[in-house]
Structure formats: C-alpha cells, structure tokens
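The residues making up each chain are set out below.
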Amino acid sequence: MRGEDYAGARTLLLETLQTNPRLDDAFEMLSVLEVLCAAAESRARPGRGVDWYRILQVLPRDDAARIDAQYRSVVRQVEPVRDELPGAEAALRLVNDAYAMLSDPAKRARYDSTVAHVELWCDDILQTNGLCAADRSAPDDPNPELDIF
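Treat the numbers as computed from the prediction; the structure is a model and nothing was measured.

Asks: Just checking my understanding: could you explain the overall build of the protein chain for this structure?
Replies: In terms of helices and strands, the protein chain carries 7 helices and 0 strands. Across the protein chain, helices and strands are ordered from the amino to the carboxyl terminus as α-α-α-α-α-α-α. In the protein chain, which comprises 149 residues, the proportion classed as buried is 40%. When contacts within the protein chain are restricted to residue pairs at least 6 apart in sequence, long-range pairs at least 24 apart make up 63% of them.

Asks: Where do I start with the nonpolar core in this structure?
Replies: It is characteristic of soluble globular proteins that their nonpolar side chains tend to be buried jointly. If you look at the biggest cluster of nonpolar residues, it comprises 34 residues, and the most contacted ones within it are Val 32, Ile 55, Leu 56 and Leu 102. Per-element accounting of this core gives the leading share, 10 residues, to helix α2 (residues 26-43).

Asks: So what exactly am I meant to see when it comes to unusual backbone geometry here?
Replies: Working note: non-glycine residues mostly have negative phi, and peptide bonds are mostly trans. In this structure, Gln 57 is a non-glycine residue whose phi angle is positive, near 65 degrees. Taking the relative accessible area as the measure of exposure, Gln 57 reaches 7% and is therefore buried.

Asks: Honestly, the packing of helix α5 (residues 88-103) against helix α6 (residues 105-114) in this entry has me stumped. Any pointers?
Replies: When two helices pack together, their arrangement is given by the angle between the helix axes and by the axis-to-axis distance. At a closest axis distance of 5 Å, the pairing of α5 and α6 adopts a crossing angle of 95 degrees. Put simply, α5 runs roughly perpendicular to α6. Note on element contacts: α6 touches α5 through Pro 105, Lys 107, Arg 108 and Tyr 111, opposite Ala 100, Met 101, Leu 102 and Ser 103. Among the residues making up the contact of α5 with α6, the classes are represented as 5 nonpolar, 1 polar and 2 charged.

Asks: Could you clarify how one ought to interpret the pattern of salt bridges in this entry?
Replies: Side chains that carry opposite charge are capable of pairing whenever their charged atoms lie near each other. All chains considered together, the criterion is met by 6 salt bridges. A salt bridge links Glu 79 to Arg 82; its shortest N-O distance comes to 3.2 Å. A residue is classified by how much of its surface remains accessible, and Arg 82, at 29% relative accessible area, is partly exposed. A salt bridge links Arg 82 to Glu 89, with the nearest nitrogen and oxygen atoms 3.6 Å apart.

Asks: Please clarify how the environment of Gly 8 should be interpreted in this entry.
Replies: Of note, Gly 8 is situated in helix α1 (residues 6-19). Among the residues examined, Gly 8 registers a relative accessible area of 28% and is labelled partly exposed.

Asks: Help me out: how do you make sense of the packing of aromatic side chains in this one?
Replies: For any pair of aromatic rings, the description consists of the separation of the ring centres together with the inter-plane angle of the planes. The full count for this structure, using the stated rule, is 2 aromatic pairs. Seen from their ring centres, Tyr 53 and Tyr 111 are 6.0 Å apart, and the 40 degrees between their planes marks the pair as tilted. Residue Tyr 53 is found in helix α3 (residues 52-56), and its partner Tyr 111 is found in helix α6; the two are separated by 58 residues along the sequence. Residues Tyr 53 and Tyr 111 agree in their burial class; the two are buried. Considering the side-chain rings of Tyr 71 and Tyr 99, the 4.0 Å spacing of their centres and the 15 degrees angle between planes classify their relative orientation as stacked.

Asks: Honestly, the packing of helix α4 (residues 64-78) against α5 in this entry has me stumped. Any pointers?
Replies: For the pair α4 and α5, interaxial distance at closest approach is 10 Å and the crossing angle is 165 degrees. Of the possible angle classes, the one that applies to α4 and α5 is roughly antiparallel. Crossing of α4 against α5: the hand is left-handed. On the side of α4, the interface is formed by Ile 67, Asp 68, Tyr 71, Val 74, Val 75 and Val 78, while α5 contributes Ala 88, Leu 92, Val 95, Asn 96, Tyr 99 and Leu 102.

Asks: Even after reading the chapter, I still don't get a negative patch on the surface, so can you show me in this structure?
Replies: Taken together, the side chains of Asp 24, Asp 25, Asp 83 and Glu 84 define an acidic patch exposed on the protein surface. Mapped onto the elements, Asp 83 comes out in the loop between α4 and α5.

Conventions we followed
Residues numbered from 1 in each chain as written. Predicted model: local features only at pLDDT ≥ 70, side-chain atom pairs only at ≥ 80, totals over all residues. Heavy atoms only, no water. Helix = DSSP H or I, 4+ residues; strand = E, 2+ residues; numbered from the N terminus. Buried < 20%, exposed > 50% of the residue type's maximum accessible area, 1.4 Å probe, protein only. Contact = heavy atoms within 4.5 Å. Core = buried A, V, L, I, M, F, W, Y, C linked by side-chain atoms within 4.5 Å. Axes fitted to C-alpha atoms, helices over the stretch in contact; angles between N-to-C directions. Parallel < 35°, antiparallel > 145°, perpendicular 65-115°, else oblique. Nonpolar A, V, L, I, M, F, W, Y, C, P; charged D, E, K, R; others polar. Salt bridge = Lys/Arg side-chain N within 4 Å of Asp/Glu carboxyl O. Phe/Tyr/Trp six-rings, centres within 6.5 Å; stacked < 30°, edge-to-face > 60°. Left-handed = near helix turned anticlockwise from the far one by under 90°. Patch = residues over 30% accessible without salt bridge, like charges linked within 9 Å, V, L, I, M, F, W, Y side chains within 5 Å. Areas by Shrake-Rupley, 256 points an atom, 1.4 Å probe, with all protein chains shown as cover. Lys, Arg positive; Asp, Glu negative; His and termini not counted. Charge placed at Lys NZ, Arg CZ, Asp CG, Glu CD.

This is how it looks when you write it as structure tokens:
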C-alpha cells in the first residue's frame, strides 16, 4: 500500500484471507483498497472523470437510501483505521466526496448527465466468481457480499 499498488495489495490481501481469515483489520483494509482501486481505475481512463458510483461501491440505478446505507457502511469500516493505515485518509476523503455528489439530487443529476457511466462490476474478483456474463450484464445485486464491508 505504501507503494500505491492498490490492486496488487488487494490481490495479496484476498489471497492472505484465504489462509488467515481472522487477520486483524482485514475488512477495514479491504474497504480502503476497494476505494483506492476505484479511484486509480478512474485516473487510468482519461476523459471520463472520477466514477463516484464506483468509489462508493453502488450502481447508478441505486436509490438514495441505498447510497446512504453504503456510505455509512464504508465509513464505519474506514474510520477506525484512518490514522493507522496508509491511504485510509485519502479513501475517506474520496468516499465523502462521492457521497456529497451522489446524495444531492441536483448534483447527481448534473453528474449523470455529463458522464457516460459504464458499470464496471466485471472486474477480476467478480469474473473469478463467475458473477458476470460475457455480455457485461449484471444481476440485480452484482455482489451481495459487498454489503458486509
């Protein structure tokens, strides 16, 4: 994480959790890494801007209640490690920015009208679990396990 290889750190953490599921602060680390990976992926796609939906780990079709619940869930995971984990403070700022954008109906409508959203839920983890079809269609809840984070 110190080297800002967030995708590599996420992969390593997931592999470690298979052999040591009781690793201290693992879910907190995973929440931080998910946010930082989403931000890094946004930067890797110039011209598209930040994908606030991906930062907050929600879908564009999710309603305000789902966005609020997800925001609270991510903050509960990241807040306790904010001062201890590299990147946690940045992840918390990104989550707060995403919530500010998506929780305000006017800002969200403006954002939605200017940004072409591509639901990128078929990343390496979801493809491994066979949750996405080749045509990139996603089920109603593409990854119900994300709710535990």
